[in-house]
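Chain residues, written in single-letter form:
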Amino acid sequence: MNKLGIFMNFWEQNWNADYYKYIKKASDLGFDVLEFQAQPLLNIPDEELRNIKKAADDCGIELTYSLGLDKRYDISSDDPYIRGAGVVYLTDILKKVAVQEGKIISGVSYAGWGVPEGEINKKRRTANSIGSMKQLVKVANSLGIQYAVEVVNRFEGVVLNTAKEAVAYVEEVDSPNIGVLLDTYHMNIEEPSIRDAIHTAGKYLIGFHVGENNRTAPGRGHLNWDEIFDALKDVNYRGRIVAELFVKAGGEVGRDIYVWKDLIEEEGEEVLDAEARYMLAFERKMLEARGM
Ligand code: MN
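So, how was this worked out
- Residues numbered from 1 in each chain as written.
- Predicted model: local features only at pLDDT ≥ 70, side-chain atom pairs only at ≥ 80, totals over all residues.
- Heavy atoms only, no water.
- Donors = N, O, S within 2.8 Å, 3.2 Å for Na, K, Ca; no water.
- Helix = DSSP H or I, 4+ residues; strand = E, 2+ residues; numbered from the N terminus.
- Buried < 20%, exposed > 50% of the residue type's maximum accessible area, 1.4 Å probe, protein only.
- 1 Å grid on protein atoms, 1.4 Å probe; cavity = no way out; pocket = protein on both sides within 12 Å on 5 of 7 lines; lining within 4 Å.
- Points joined across faces, edges and corners; volume = space filled by probe spheres on them.
- Nonpolar A, V, L, I, M, F, W, Y, C, P; charged D, E, K, R; others polar.
- Axes fitted to C-alpha atoms, helices over the stretch in contact; angles between N-to-C directions.
- Parallel < 35°, antiparallel > 145°, perpendicular 65-115°, else oblique.
- Left-handed = near helix turned anticlockwise from the far one by under 90°.
- Contact = heavy atoms within 4.5 Å.

Student: Which residues make up the coordination of the manganese ion, and what are the values?
Tutor: On the protein side, the manganese ion has Glu150 (OE), Asp183 (OD), His209 (ND1) and Glu244 (OE) as donor atoms, found 2.0 to 2.2 Å from it. Sequence spacing of the donor residues for the manganese ion, all on one chain, is E-x32-D-x25-H-x34-E. Here His209, found in strand S7 (residues 205-210), pairs with Glu244, found in the loop between strand S8 (241-243) and helix H9 (251-257); they are 35 residues apart in sequence, far enough to count as distant. Its relative accessible area of 8% is what places Glu244 among the buried residues.

See the structure below:
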C-alpha cells in the first residue's frame, strides 16, 4: 500500500511546532509519513535535527518536506542576484533535510510562492527557474534527495500551473532525481480533468498531496475520489500520499493559506485527531478497493 502521510500544520497554526509531539501523534493515529514545512529547519541545530529524526525512526514515521519559497529567494526571478541567493538558500535547506536523511522535498521550491511584482513573463521565468534548478538538482542528487516540483494554482505561482507544464519542465531539467508532485486542491482549480492530469504526469509523478476543494479532508467536499484513485492506479503510482489539510483560521498558517474561518467548527485537538482517523480510513478503503 502507498505510504500515507499528513502535514503537521493540520494541527498547528504556526509553521514551527513541537516536532516530537506530532511525530508521536502521527504514529499513534496510524500514519506512515509526517510532512514539515522545510524553512524552520534552518534555525534548528543539526544535533537537534538528528534527535527529531531519531524520534521519527523510533515511531516508524518517515519525515518529508515542503516549502513555499520566499520572494527574496525566487529562483525564477529575472534578477540574477535574487536567483543566486535562492540557489544558496535552497542548498542550505537541502543540507538540513539531508541531516534528517530526508528523501524528498516538494512545494513551490522552484519559484517564489505567490505572484511576483511587476511585469510577468511566464516563459522567461520558467527558463530562469530551469537554469537554477539544473544546479540545485545536482546538490539534491549528491545528498540522496528527490526534488518534486509541485504544480500550484494561479494565485500561488506563475511557473507551474498544470501537470503538462510540470512534465515539460522536468524533461528540460533532465535529472534522475527530479519529478512532479500533484495536489488535488490545486488541480481542482487549474486542470480541465484531474484524471487526465494524473495520466499526463505518469512516470514523472513522484509525490501526491490530497485535500478537498477547500482543503478539508478527502470525502468532505466535492472532489471525485474514485476518479482520483483510479487514475493513481492507472499510472501505477506507488509513492507517498500526503494530506495537506488546513481547517482552522488564525496564526501564520491561517494567514499564509488564506483560511479566514474555521472549516471544522468544533474546538479541541481530539476533534482534529478524529478527523485524521476518519481520513486515514477513507484513504485505506480507496487503496484497498483497487489492490493498491
Ligand atoms: Mn500541496
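Student: Before we move on, can you summarise empty space enclosed by the protein with the specific residues and values?
Tutor: Counted under the stated rule, the structure contains three cavities of 30 Å³ or more. Counted as a void, the largest cavity has a volume near 160 Å³. Along its surface, the largest cavity is lined by 17 residues, and Ser66, Leu67, Gly68, Trp113 and Glu244 are the ones closest to its centre. Contributing elements (two or more residues each) for the lining of the largest cavity: strand S3 (62-68) and strand S4 (104-108). Sorting elements by how many residues they give to the lining of the largest cavity places S3 first, with three residues. Among the residues making up the lining of the largest cavity, the classes are represented as eight nonpolar, five polar and four charged. Counted as a void, the second largest cavity has a volume near 70 Å³. Residue lining of the second largest cavity: 13 residues in total, with Glu35, Ile104, Leu181, Arg240 and Val242 positioned closest to the centre. Contributing elements (two or more residues each) for the lining of the second largest cavity: S3, S4 and S7. Here the lining of the second largest cavity is built from residues that sort into seven nonpolar, four polar and two charged.

Student: Kindly report on the packing of helix H1 (residues 19-29) against helix H2 (residues 46-59), identifying the contributing residues and their values.
Tutor: Packing of H1 against H2 brings their axes to within 9 Å, and their N-to-C directions diverge by 15°. Put simply, H1 runs roughly parallel to H2. The element H1 and its partner H2 pack so that their crossing is right-handed. Each of Tyr19, Tyr20, Ile23, Lys24 and Ser27 in H1 lies in contact with H2, whose residues at this interface are Glu48, Asn51, Ile52, Ala55, Ala56 and Cys59. Residues of the contact of H1 with H2, tallied by class, amount to seven nonpolar, two polar and two charged.

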